[in-house]
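# Secondary and tertiary structure notes
Spelled out from the first residue to the last, the chains are:
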Amino acid sequence: MSRGTAKILAWSLGAVQAILVFGRVILDEAARPVFALPGTTLFTELAGAASILVFPAVGLLILARRPGNPIGWLFCVTDLGWAVNNFAGSYARQALIANPGSLPGADLAVWLYFWPGPVSLGFTALLLIIFPDGRFLSPRWRAIGRLTLAWSAIGALLVAIAPGPVDDSIGFAVDNPFPFQGGGEALRAVAQVVPLGGTLFVVLGAAAMVARFRRSRGVERLQLKWFTGSVMLVAVIVSAAAGVMGAFGATSALPWWATIVSQMAALSVGLIPISAGIAILRYRLYDIDLLINRTLVYGALSALL
């Protein structure tokens, strides 16, 4: 692929994701007077859009400075599945619930809601495995990386053709409009294991990151400190938000402070690509030790509170 073609492709990926996430915001705001997911506001919609778009934005920045960098390309495609997922869910809610019959292709939107997620999950796991230089630690990790992508592709296919109800996070009860006839309960049962498999590969990616950190020296060690530090911080914030959501049971029942925690969790995901961009472009790497120390102190104090 020529440099010009690669540049057009990268910017096209970023533009598509921007159109999808802002299209979702517009559709949700149009549907809000009639139907809205519990606990969602314009701010939460924009926070979700930002958390998705920061990935391709950092990817484009990396590719602008270092064309062909595999980490830059991964950042450009990692959140594409979630962008499709979010837009499709909002489109389906507008077409079927808020204003029935107002938009064509409602069944296709429902179908596109639930299966792109495993693809993005697979790219996330691969990103953890090959960061920061785009290379695998060993032939064994290369095999795991290939298995990760194979599982995400097969998992997405299984979820796409499995019969039965769609994930209730779409906001209303609906069945898969395009199931594979003859799959039955067996196919549905296998499809339900797909998210667990994706989570397992993300854990393996984290293990690869730890193994790489233990072997690293010099600049690579500093790069990994930036990346692992941000991943740890996001994990703490997201875990705290999940605990709050579990304690109150429903998004609509959250008090104001818990809503802020939930919104912080959505925004915090953007720290991962930002820290990766800093690490790859090697800007002010030596400040990371101070940031990690403060993160640990503030994280411990927040947990105690």
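Structure's up top.
Okay, so let's go over this structure. What you are looking at is a predicted structure, and each value in this text was computed from that prediction instead of being measured. (Residues numbered from 1 in each chain as written. Predicted model: local features only at pLDDT ≥ 70, side-chain atom pairs only at ≥ 80, totals over all residues. Heavy atoms only, no water.)

## Side note on the packing of helix α6 (residues 117-130) against helix α7 (residues 139-161)
For any two helices packed against each other, one specifies the crossing angle of their axes together with the interaxial distance. The condition that has to hold: Axis angles are defined between N-to-C directions and span 0 to 180 degrees, where every axis is a line fitted to C-alpha atoms and, for a helix, only to the segment in contact. To qualify as a helix, a DSSP run of H or I must reach at least 4 residues; to qualify as a strand, a run of E must reach at least 2; elements of each kind are numbered from the N terminus. In what follows, roughly perpendicular refers to angles from 65 to 115 degrees, roughly parallel to angles under 35, roughly antiparallel to angles over 145, and oblique to any angle outside these ranges. Throughout, a residue-residue contact means that at least one pair of heavy atoms, one from each residue, lies within 4.5 Å. The classification used treats Ala, Val, Leu, Ile, Met, Phe, Trp, Tyr, Cys and Pro as nonpolar, Asp, Glu, Lys and Arg as charged, and all other residues, Gly among them, as polar.
Their axes nearest at 8 Å, the elements α6 and α7 cross at an angle of 170 degrees. In this view, α6 runs roughly antiparallel relative to α7, as classed from their interaxial angle. Contacts from Pro 118, Val 119, Gly 122, Phe 123, Ala 125, Leu 126 and Ile 129 in α6 reach Trp 141, Ile 144, Gly 145, Thr 148, Leu 149, Ser 152 and Ala 156 in α7. Counted by class, the contact of α6 with α7 contains 10 nonpolar, 4 polar and no charged residues.

## Quick word on the pattern of salt bridges
Quick note on the threshold: Salt bridge, as used here, is a side-chain nitrogen of Lys or Arg placed within 4 Å of a carboxyl oxygen of Asp or Glu. Here's how the labels work: a residue is buried when its accessible area is under 20% of the maximum for its type, exposed when over 50%, partly exposed in between, all with a 1.4 Å probe on protein chains only.
Under the criterion given, the structure shown has 8 salt bridges. Linking Arg 93 and Asp 28 is a salt bridge whose minimum nitrogen-to-oxygen distance equals 3.6 Å. Residue Arg 93 is located in helix α4 (residues 80-98), and its partner Asp 28 is located in helix α1 (residues 3-31); the two are separated by 65 residues in the primary sequence. A single burial state applies to Arg 93 and to Asp 28, both of which are buried. Here Arg 212 ties to Glu 220 by a salt bridge, and the two come within 3.8 Å at their closest N and O atoms. A network of salt bridges, in which partner residues are shared, links Arg 24, Asp 28, Glu 29, Arg 32, Glu 45 and Arg 93.

## Side note on a nonpolar patch on the surface
We apply this condition: Patch building starts from residues that exceed 30% relative accessible area and form no salt bridge, then joins like charges within 9 Å and nonpolar side chains (Val, Leu, Ile, Met, Phe, Trp, Tyr) within 5 Å. For the accessible areas, the method is Shrake-Rupley and the probe is 1.4 Å, while residue cover comes only from the protein chains on display.
A cluster of nonpolar side chains, namely Phe 22, Leu 42 and Leu 46, defines an oily patch on the protein surface of about 270 Å² accessible area. Here Leu 46 shows up in helix α2 (residues 42-65).

## Side note on unusual backbone geometry
Residues Phe 131 and Pro 132 are joined by a peptide bond in cis, for which omega reads 10 degrees. Along the polypeptide, Pro 132 turns up in the loop between α6 and α7.

## Here we look at the nonpolar core
As a rule of thumb, nonpolar side chains are buried together in soluble globular proteins. What counts here: For this analysis, a nonpolar core means a set of buried residues of the types Ala, Val, Leu, Ile, Met, Phe, Trp, Tyr and Cys, connected via side-chain atoms within 4.5 Å.
Formed by 31 residues in total, the largest nonpolar core has its most connected members in Ile 71, Phe 75, Phe 131 and Phe 227. Elements that contribute at least two residues to this core include exactly α1, α2, α3 (70-78), α6, α7, α9 (194-215), α10 (218-248) and α12 (271-281). The leading source of residues in this core is α2, at 6 residues. Among residues more than four places away in sequence, those in contact with Phe 227 are Leu 127, Leu 128, Phe 131, Met 209, Ile 272, Ser 275 and Ala 276.

## Focus on the packing of α6 against α9
Stated precisely, the cut-off is as follows: Two helices that cross are described as forming a left-handed crossing if the nearer one is turned anticlockwise from the farther one by less than a right angle, and a right-handed crossing if clockwise.
In contact at an axis separation of 7 Å, α6 and α9 are set at 15 degrees when each is read in the N-to-C sense. Taken together, the axes of α6 and α9 lie roughly parallel to each other. Classified by chirality, the crossing of α9 by α6 is left-handed. Across the interface between the two elements, Pro 118, Leu 121, Ala 125, Leu 128, Ile 129 and Ile 130 from α6 touch Val 194, Pro 195, Gly 198, Thr 199, Phe 201, Val 202, Gly 205, Ala 206, Ala 208, Met 209 and Arg 212 from α9.

## What about the packing of aromatic side chains?
Defined as follows: Each Phe, Tyr or Trp ring, with Trp reduced to its six-membered ring, pairs with another whose centre is within 6.5 Å; inter-plane angles below 30 degrees give stacked pairs, above 60 give edge-to-face pairs, and intermediate values give tilted ones. We count a charge as sitting over a ring when the NZ of a lysine or the CZ of an arginine lies within 6 Å of the ring centre and within 35 degrees of the ring normal.
All told, the structure shown has 6 aromatic pairs when counted by the stated rule. Ring geometry for Trp 111 against Trp 115: centres 5.3 Å apart, planes inclined by 55 degrees, an arrangement best described as tilted. Under the relative-accessibility criterion, Trp 115 is labelled partly exposed at 23%. Ring geometry for Phe 131 versus Phe 227: centroids 4.0 Å apart, planes at 25 degrees, classification stacked. Within this pair, whereas Phe 131 is found in the loop between α6 and α7, its partner Phe 227 is found in helix α10, the two being separated by 96 residues in sequence. By relative accessible area, which is 1% here, Phe 131 ends up buried. Chaining the aromatic ring pairs together yields one cluster made of Trp 111, Trp 115 and Phe 178. The lysine or arginine in question, Arg 221, covers the ring of Phe 213, its NZ or CZ lying 4.2 Å from the ring centre.

## A look at α9
Our working rule: The span one expects for a helix is its residue count, reduced by one, times 1.5 Å. Our arc is simply the arc of the directions from the helix axis toward the C-beta atoms.
In this model α9 runs 32 Å from its N-terminal to its C-terminal C-alpha over 22 residues, within 8% of the 32 Å that 1.5 Å per residue would give. Within α9 the residues assigned to the buried category are Val 194, Gly 197, Gly 198, Phe 201, Gly 205, Ala 208, Met 209 and Arg 212. Buried residues in α9, looked at end-on, bunch into an arc of 135 degrees, giving them a common side. Facing away from the buried side of α9 by more than 90 degrees, the exposed set consists of Leu 196, Leu 200, Val 203 and Arg 214.

## Examining the environment of Leu 121
Tracing the sequence through the fold places Leu 121 in helix α6. Residues Leu 121 and Ser 152 lie 31 residues apart in sequence; the distance between their C-alpha atoms is 7.2 Å. In contact with Leu 121, not counting residues within four places along its chain, are Pro 195, Gly 198, Thr 199 and Val 202.

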